[in-house]
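# Structural features, examined
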Amino acid sequence: MSNAKIYDTVIIGGGPAGYSAALYAVRAGLSTLLIEKLAPGGQLATTTEVENYPGIASIDGWSLAQAMAEQAVAGGAEQLFDEVTELQAQSQIKLIRTAGGEELQARTVIYAAGAEPKLLGLPKEQEWRGRGVSYCATCDGLFYRGRTVAVAGGGNSAAEEALHLSKICEKVYLIHRRDTLRAEMPLQQKLAQTANIEIIYDTAIEALLGEGKLSALQLLDKKSGHSYELPIDGLFVAIGRTPISALLQHQAQLDADGYVLAGEDCRTMTPGLFVAGDVRRKPLRQIVTAAADGAVAATAAAAAVWQ
């Protein structure tokens, strides 16, 4: 790859937002490079089945990610599988350095690195993702229709996950390690009014149990010290997410949690720097909303290049 080339846009992140941006960028006539540190799709590639992407009844996440990547590349986008270690976006020509030693230049940058779910840190947790362990009730809740599930957490996200699952599942346990929830009072009131939700306070999840997939949790009652098993079909971990936004320090406005504050036009405070997908502060993080961000950001980038 020639380091002397100045791309019209460089996209950082190869999830749905990144590949959507790449597709729209090349269709707008921009020379486009997408950088992804692992493989196409990001978290999408780890999803066992996707049933809520418009126009596609059911598809596994890996296949959908590959299709997105192939479409963007067929349109003319270049790909680089490497980790971005430095971004200097405040000059007219942006500079991007990677762990592999690449030094790249671009007129615009679309940052779509996403956000990572916080993990419980238990053995088998990542191995059983998609086999009983999930981080998104909206994404995976329907796989547990009529079954028994648990939600780990005590904040707004956990309460919202439990309420969503209560409409689908026979029984929902909300497991929280403290004696009170952190969720806002209106959400707590809804939890109390929902018959099939049971809140288990002062309890830690010690282990994930099962043969090849999750079938029970080993719980510790922190007050009594008693350890016991809770049979369940699925666990939804809702203890927060971590936006991958460290590279944007002092180049974009971040909220207290590290999410990028940008409007629906996906523009940041730095001219020529756009943000798309789960790293942006937004009310809903789904494949379809990430893809929409990518399209908007690429269209804005094209306007900046051609102005």
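Here is a short report on the structure shown in this document.

Cut-offs used in this document
- Residues numbered from 1 in each chain as written.
- Predicted model: local features only at pLDDT ≥ 70, side-chain atom pairs only at ≥ 80, totals over all residues.
- Heavy atoms only, no water.
- Patch = residues over 30% accessible without salt bridge, like charges linked within 9 Å, V, L, I, M, F, W, Y side chains within 5 Å.
- Areas by Shrake-Rupley, 256 points an atom, 1.4 Å probe, with all protein chains shown as cover.
- Salt bridge = Lys/Arg side-chain N within 4 Å of Asp/Glu carboxyl O.
- Lys, Arg positive; Asp, Glu negative; His and termini not counted.
- Charge placed at Lys NZ, Arg CZ, Asp CG, Glu CD.
- Helix = DSSP H or I, 4+ residues; strand = E, 2+ residues; numbered from the N terminus.
- Buried < 20%, exposed > 50% of the residue type's maximum accessible area, 1.4 Å probe, protein only.
- Disulfide = S-S within 2.5 Å.
- Contact = heavy atoms within 4.5 Å.

## As for a positive patch on the surface
A cluster of like positive charges, contributed by Lys118, Arg177, Arg178, Arg182 and Lys222, occupies part of the molecular surface. On the secondary structure map, lysine 118 appears in the loop between strand S7 (115–117) and strand S8 (133–134). Accessibility expressed as a relative area gives 39% for lysine 118, which makes it partly exposed.

## Quick word on the state of the cysteines
One pass over the full model with this rule turns up one disulfide. Residue cysteine 136 pairs covalently with cysteine 139 via a disulfide, S to S 2.3 Å. Torsion about the S-S bond of the cysteine 136 and cysteine 139 cystine: about 75 degrees, corresponding to right-handed handedness. The exposure class assigned to cysteine 136 is buried, which follows from its relative accessible area of 15%. Its sulfur unpaired, cysteine 169 is 13 Å from the next cysteine sulfur, which belongs to cysteine 136. Looking at the unpaired cysteine 266, the closest cysteine sulfur is the one in cysteine 139, lying at 19 Å. You can call cysteine 266 buried: its relative accessible area is 0%.

## Considering the environment of leucine 230
Considering the arrangement of structural elements, one finds leucine 230 in strand S14 (residues 227–231). On the basis of relative accessibility, which here comes to 9%, the residue leucine 230 falls in the buried class. As a C-alpha pair, leucine 230 and alanine 150 span 80 residues in sequence and 9.3 Å in three-dimensional space. Residues within four places of leucine 230 in sequence aside, it is in contact with Tyr173, Ile175, Ile200, Ala216, Leu217 and Leu219.

Distances and angles like these do not, on their own, reveal function.
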